[in-house]
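Below are the chains, spelled out letter by letter.
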Amino acid sequence: MISHVYLGTNDFPRAFHFYSAVLNELGLVLKFSDPQQAWAGWVALDVPRPLFLIGKPHDGDAASAGNGQMVALLAPSRHAVIQAYDSAMALGASCEGTPGLRPHYHPDFYGAYFRDLDGNKICICCHQPEVGF
């Protein structure tokens, strides 16, 4: 259903460093990076899409986060949710909700929320039952 998600950034090197660490915790790999064009994309190992992209806005204006907009990234485990969240916090993200169950969504929804360095709201979530670490 989704081809790609593109988040704007005002500081590509900083955003690239941030997302390289966070997305690594989710098992995503860098598909491409073009610092000259100030954009990069990550993908899961076994599929060509969806892509997670960051870069300068195409219209040349400053990037800004939208109110009510959020990107939710699927984690392979609850442990990966914690690892990605911890990585984001260590790199300067701001907390919007610590890792934990959100049973009001469904009994196995385990998620964490943060704002990246440009203010974009990100959710990292796992929909699987706990299987132990």
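Coordinates for the structure precede this section.
Here we summarise the structure given alongside this text. From a predicted model like this one, the values you see are computed outputs, not experimental measurements.

## A few points about helix α2 (residues 78–90)
With 13 residues, α2 should cover 18 Å at 1.5 Å per step; its first-to-last C-alpha distance of 18 Å lies within 8% of that length. Of the positions making up α2, those classed as buried are Arg78, Ala80, Val81, Ala84, Tyr85, Ser87 and Ala88. Next to the buried residues of α2 lie α1 (12–25), β6 (94–101), β7 (110–115) and β8 (121–126). Positive phi appears at Gly92, one or two residues downstream of α2, with a value of about 105°.

## Digging into the state of the cysteines
Scanning all chains against the criterion turns up 0 disulfides. The thiol of Cys125 is unpaired, and the distance to the nearest cysteine sulfur, on Cys123, comes to 4.2 Å. By relative accessible area, Cys125 is classed as buried at 5%. Free of any disulfide, Cys126 has its nearest neighbouring cysteine sulfur in Cys125, separated by 7.8 Å. For Cys126, a relative accessible area of 1% puts it in the buried group.

## Describing the side chain of Arg78
Along the chain, Arg78 falls in helix α2. A distance of 3.4 Å separates a polar atom in the side chain of Arg78 from the backbone oxygen of Gln128.

## Comments concerning the sheet that holds strand β5 (residues 71–74)
The 4 strands are arranged β5-β8-β7-β6 in an open sheet whose pairing can be described as mixed. Every interior strand has two partners, whereas the edge strands, β5 and β6, have only one. In this sheet, adjacent strand axes meet at a mean angle of 15° when their direction is disregarded. Looking at chain direction, β6 and β7 are connected through 5 bridges and run antiparallel. Considered in β7, the bridge of Cys95 is made with Phe114. Contacting β6, β7 and β8, α2 runs over the sheet at an angle of about 15° to β7.

Thresholds, definitions, all that
- Residues numbered from 1 in each chain as written.
- Predicted model: local features only at pLDDT ≥ 70, side-chain atom pairs only at ≥ 80, totals over all residues.
- Heavy atoms only, no water.
- Helix = DSSP H or I, 4+ residues; strand = E, 2+ residues; numbered from the N terminus.
- Expected span 1.5 Å × (residues − 1).
- Buried < 20%, exposed > 50% of the residue type's maximum accessible area, 1.4 Å probe, protein only.
- Contact = heavy atoms within 4.5 Å.
- Disulfide = S-S within 2.5 Å.
- Polar contact = N/O pair within 3.5 Å; in protein donor to acceptor, adjacent residues only side chain to side chain.
- Pairing = 2+ DSSP bridges.
- Axes fitted to C-alpha atoms, helices over the stretch in contact; angles between N-to-C directions.

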